[in-house]
Amino acid sequence: LVLLIYTLFLIWIIRNILYLIYLWQLKEYRFDRFFVHLKETVQGRNLLFSFNTVAKWLLILVFPFTSISNTLNTFYPLLVILILSMNALKVLVEIKNHTLRIPILTMKSSGIVALSFIFVFILISFPLTNIFLWFLIIDRFIPLFIGYLVFFFSIPTEFYRDRQIMKAMNKLALNKGITVIGITGSYGKSSTKEFTAQILANKFSVAKTKGTNNTPIGIAKTILEDI
């Protein structure tokens, strides 16, 4: 039973860490964009107010009452196991449907993933309270920890980002014959970029950003590596 509980928890927490870092990466590790996502999108509000989230907070809040209620004390572990089972099932469905979201592995995202996994391993190895309550606390605390890591990594990555962008700008300045096409907008940028590159490649030598990597650092890397 203990092995089952740990397995269910790890399936979910690993998925959750990867998804949160994927989301931060999608928002270019910018706190303003991340908060707008939480506030103004359905997916963001689900992170805060979904049944899964609310149920976990309620279970954390009612835990003190397990000491005075035999019924609650009996059903509390079962409720936690039920929540963890539903979470694990959701992960398996995402894997089956190929909808599991994971970050693109860069130096920054890999560092955040590694430190998050180490942090979780330490916490589950040395529980400070009832194991069922402890798993819920870890689950709720992980988003804050990842946010802290994003802030911690922001200082050195900003220096690296500015350096790479400056190098890319200098490279373009030395190659004045290059025609640059910038595609902007809220939606459809990547598809339009792919169409444009496909058409122009019939006559010209074309370099384009990879996938949806259209951030300033992504554009700078394309210039430095592919031109």
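One can find the structure itself at the top, above this paragraph.
Residues numbered from 1 in each chain as written. Predicted model: local features only at pLDDT ≥ 70, side-chain atom pairs only at ≥ 80, totals over all residues. Heavy atoms only, no water.

Chemist: Describe helix α4 (residues 51-62), with residues and values.
Modeler: For the α-helix, the turn length of 3.6 residues means that residues three or four positions removed from each other point alike. In this model α4 runs 16 Å from its N-terminal to its C-terminal C-alpha over twelve residues, within 8% of the 16 Å that 1.5 Å per residue would give. Residues N52, T53, A55, K56, L59 and I60 constitute the buried set of α4. The arc enclosing the buried residues of α4, seen along the axis, measures out at 165°, which places them on a common side. Facing away from the buried side of α4, by more than 90 degrees, are the exposed residues F51 and L61. Of the surrounding secondary structure, the elements contacted by the buried residues of α4 are α1 (2-26), α3 (42-49), α5 (70-96) and α7 (131-174). (Helix = DSSP H or I, 4+ residues; strand = E, 2+ residues; numbered from the N terminus. Expected span 1.5 Å × (residues − 1). Buried < 20%, exposed > 50% of the residue type's maximum accessible area, 1.4 Å probe, protein only. Arc of directions from axis to C-beta. Contact = heavy atoms within 4.5 Å.)

Chemist: With reference to specific residues and values, describe helix α2 (residues 31-40).
Modeler: For α2, the full list of buried residues reads F34, H37 and L38. Down the axis, α2 shows its buried residues gathered within 95° of arc, on one side only. Relative to its buried face, α2 has exposed residues pointing more than 90 degrees away, namely K39 and E40.

Chemist: Provide a residue-level description of the environment of H37, including the pertinent values.
Modeler: Residue position: H37 is located in helix α2. Sequence-wise, H37 and L23 are 14 residues apart; in three dimensions their C-alpha atoms are separated by 9.4 Å. Excluding anything up to four places from it in sequence, H37 contacts L23, K27, Q43, G44 and R45.

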